Structure formats: C-alpha cells, structure tokens
Amino acid sequence: MSKSRTLRDGLNGSEVIRLVGAHSALSAKLGQDAGFEAIWASGLEISASRALPDANVLSMAECLEAAAQIADAVDVPVLADCDSGFGGVGNVAHMVRSYQARGLAGVCIEDKQFPKLNSFVEGHQDLAPIGDFAAKITAAKEARTGEDFVVVARIEAFIAGAGLDEALRRATVYEAAGADALLIHSKLSTPEEVFAFRAAYTGALPVIVVPTTYPQVTAAELTERRFGGVIYANQGLRAAISAMRDVLGQIGAAGSTHAVEGSIATLKDVFALQNVDALLARQERHDALTAQYAALG
Ligand code: SPV
Ligand code: MG
C-alpha cells in the first residue's frame, strides 16, 4: 500500500493516527522505531535544527530537502508541514508537485499570511482571507496526481484569537474547497477549544490536533471524541536539546567524558541507525562477485 494511502486510511480510521515530529532522517527513524504510525516533518523542528526562527526564513527548497530526507529514511508515511504554502497559488501548485515527487504522503498548509510566525511566539498572528486560503487548497488538490496524496487545511482561528464561529466557518469553506483533513490548532493549556470545535463541526473531514500546550490529553481520549489524528510536534527535538545540553555541560565541567559514557547511546547503536550492517553485507557480496568475475577473465 502506498504511503499516501496509509496516511489517508490512518486519518479516517477508527483510532487516531499518531504522528511524531522530526527534523532529520535520524529523528524520523527514532519516531518510527518508537511505534508512531506516521511522521510530521515539522517546520519548527527543521528551522530549529538550523538555529533559525520558524518564520518562513527557510525557502521551500530547503524545507523540501529536509522533508524528503525524512521520507527516504522511514517506511511510515510522512506529512510535511508546509507553513502557508510558500506564497500564492502558483507556489502551492509547485510545492505539491515537488513534495509528492519526493515521496511525501501529504502536505499541511495553514491559513496565515506570509511570512508566518510560529503559533506559540508572542506577536501578530494574521489570518489569511478565507477565500484566498481556500483557493490555495483547491490549487493543491488540482496539482497532486492520483487520489491518495493528502492535503491538510490547518485552521489558525484560535491562535489568532478569532474564536469558534470563525474556526467553523473556515472549516466549512476549506472542506468545500477540497481539503482531505483539517488541523485545528490551539495554544490553550487545556483541550477545551479543540474539543468545542470537534463537537460543533458537522462536516465529514478527519480533524487533527497538536497538543503541545495541553499535554494531558491522551490518544485514547482523542479517539473517543472522534478526532482523526494527533501530532506530537516537537517533543523529540526538545528532548534532544535537553539531553545534549546536559551531557555537553557535564563533559565541559568534568574535563572528561567518563561520567557520561554509560548514559549515552553506544556507537553500536549509532551504527545500527546508519544501517552499517547492510553496507558491510553489500561489500562482502561485492568482494565475492569481484573474485568470481576475476576468475572468469
Ligand atoms: C510545527 O511543528 O512546525 C508546527 C506545529 O507547525 S506548531 O509548532 O505548534 O505550530
Ligand atoms: Mg509549523
């Protein structure tokens, strides 16, 4: 089954599909190994891994390269965070063709103005006009090939302080424009807003949430409340930052690596993640073939 079909089926399944954020091939592999059904190529994580703000500073080509490296490294589907689509409808069409060609299972675009600003950064969160964003959704759908590639419309009404009625109005229009799923985002410390949205939304699309600021919510509760997907968008990156800062600080303070050696990943572990065994097996076969062909001559 294609990765896009798997993502589509997962979003429409009887339980929420769990996506985990990644910024690199390695972090995506760790997410897959941990049992997540899909990967979120996170704009926040990818920008942060370059020590840059999540504010459309990176170009589409740079985001695409990172997302494609992620997709190449895993068997599970990857949903790409494409911010507000990198421009107008022309950019969106090019974006969809490029992401689909590089093996992504779908794209998510959000109804904010370019340049976007990460939803949790204090500052102006300006919503795109509803018609303008809906036209981008249609452009995305028209640019994809086949039926399975997923186009997610992300609603930022709560983030911009525009309220439930505006979120629902946008959901209806984006559904009419052809979206395959909705992502409703909230920065409250409880799931109250997204629960209210899910209860009031009467359309047919699966609804995805990103419980970064309301971590108490469980996947089981989201399934019970009829959500389609949950994205743990940045916990892997945050864990890596904490772990690296801690270990590097210890090495600097102690003047040796002795104290940390037992608590960090072994080189054997690193080699396994790099698929070194496959490389060695290929080399062995190459050596055998070389000897065989040499004997023929
Ligand atoms: C991301 O991971 O880049 C997201 C989710 O878009 S959020 O950071 O919550 O905006
Ligand atoms: Mg993002």
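Higher on the page you've got the structure.
Cut-offs and rules
Residues numbered from 1 in each chain as written. Chains lettered and ligands numbered in written order. Predicted model: local features only at pLDDT ≥ 70, side-chain atom pairs only at ≥ 80, totals over all residues. Heavy atoms only, no water. Helix = DSSP H or I, 4+ residues; strand = E, 2+ residues; numbered from the N terminus. Rg over C-alpha atoms; globule rule 2.2 N^0.38 Å. Buried < 20%, exposed > 50% of the residue type's maximum accessible area, 1.4 Å probe, protein only. Contact = heavy atoms within 4.5 Å. Areas by Shrake-Rupley, 256 points an atom, 1.4 Å probe, with all protein chains shown as cover. Lys, Arg positive; Asp, Glu negative; His and termini not counted. Charge placed at Lys NZ, Arg CZ, Asp CG, Glu CD. Salt bridge = Lys/Arg side-chain N within 4 Å of Asp/Glu carboxyl O. 1 Å grid on protein atoms, 1.4 Å probe; cavity = no way out; pocket = protein on both sides within 12 Å on 5 of 7 lines; lining within 4 Å. Points joined across faces, edges and corners; volume = space filled by probe spheres on them. Nonpolar A, V, L, I, M, F, W, Y, C, P; charged D, E, K, R; others polar. Phe/Tyr/Trp six-rings, centres within 6.5 Å; stacked < 30°, edge-to-face > 60°. Lys NZ or Arg CZ within 6 Å of the ring centre and 35° of its normal.

Peer 1: I'd love a proper account of the overall build of the protein, names of residues and values included.
Peer 2: In terms of regular secondary structure, the protein is built from 13 helices and eight strands. Its C-alpha atoms give the protein a radius of gyration of 21 Å, near enough to 19 Å, the size a compact globule of 297 residues would have. Along the longest, intermediate and shortest principal axes, the C-alpha atoms of the protein span 75 × 55 × 35 Å. In the protein, which comprises 297 residues, the share counted as buried stands at 45%. A separation threshold of at least 6 residues defines the contact pool for the protein, and within that pool the share at least 24 residues apart is 70%. Per element, the accessible surface of the protein, about 14300 Å² overall, is 57% carbon and sulfur. Averaging the locations of the 25 positively and 35 negatively charged side chains of the protein gives two centres separated by 3 Å.

Peer 1: Outline the pattern of salt bridges, supporting the account with residue identities and numerical values.
Peer 2: If you walk through the whole model with that rule in mind, you get 18 salt bridges. Residues E37 and R18 are paired through a salt bridge, measuring 2.7 Å at the closest nitrogen-oxygen approach. Taken together, the positions of E37 in the loop between α2 (25–33) and β2 (38–41) and R18 in strand β1 (residues 17–22) put the pair 19 residues apart, joining distant regions of the chain. We note a salt bridge from E62 to R50, for which the minimum N-O separation is 3.0 Å. Linking E62 in helix α4 (residues 60–73) with R50 in the loop between α3 (43–49) and α4, this pair joins segments that are twelve residues apart in sequence. The partly exposed category is assigned to E62, whose relative accessible area is 31%.

Peer 1: Please give an account of the layout of surface pockets that cites residues and values.
Peer 2: Any empty space left between the atoms is revealed when a probe the size of a water molecule rolls over them. Taken as a whole, the largest pocket encloses approximately 840 Å³ of empty space. Forming the walls of the largest pocket are 29 residues, and the residues nearest its centre are L26, L30, A240, M244 and A265. Those elements giving two or more residues to the lining of the largest pocket turn out to be β1, α2, α10 (235–254) and α12 (267–273). Counting residues per element, the lining of the largest pocket draws most heavily on α10, which supplies nine residues.

Peer 1: Outline empty space enclosed by the protein, supporting the account with residue identities and numerical values.
Peer 2: By the definition in use, this model includes four cavities of 30 Å³ or more. Approximately 140 Å³ is the volume found for the largest cavity. Around the largest cavity, the lining is made up of 16 residues, and of these L44, N118, R154, H185 and A233 lie nearest the centre. Lining the second largest cavity are G43, I46, S47, P53, D54, A55, N56, V57, L58, C63 and D83. Counting residues per element, the lining of the second largest cavity draws most heavily on α3, at three residues. Of the residues belonging to the lining of the second largest cavity, the class tally is six nonpolar, three polar and two charged.

Peer 1: So what's going on with the packing of aromatic side chains? Residues and values would help.
Peer 2: Inspection of every chain in the model, using the stated rule, returns four aromatic pairs. Pairing F36 with Y232 gives two aromatic rings, centres 6.0 Å apart and planes at 65°, and the pair type is edge-to-face. Highlighted residues: F36 in the loop between α2 and β2 and Y232 in strand β8 (residues 229–232), separated in sequence by 196 residues. Among the residues examined, F36 registers a relative accessible area of 18% and is labelled buried. Residue class for Y232 comes out partly exposed when judged on its relative accessible area of 22%. Taking 5.7 Å as the distance between ring centres and 10° as the angle between the ring planes, the aromatic pair formed by F197 and Y201 counts as stacked. With respect to class, F197 is no different from Y201; both count as buried. The lysine or arginine in question, R225, covers the ring of F195, its NZ or CZ lying 3.8 Å from the ring centre.

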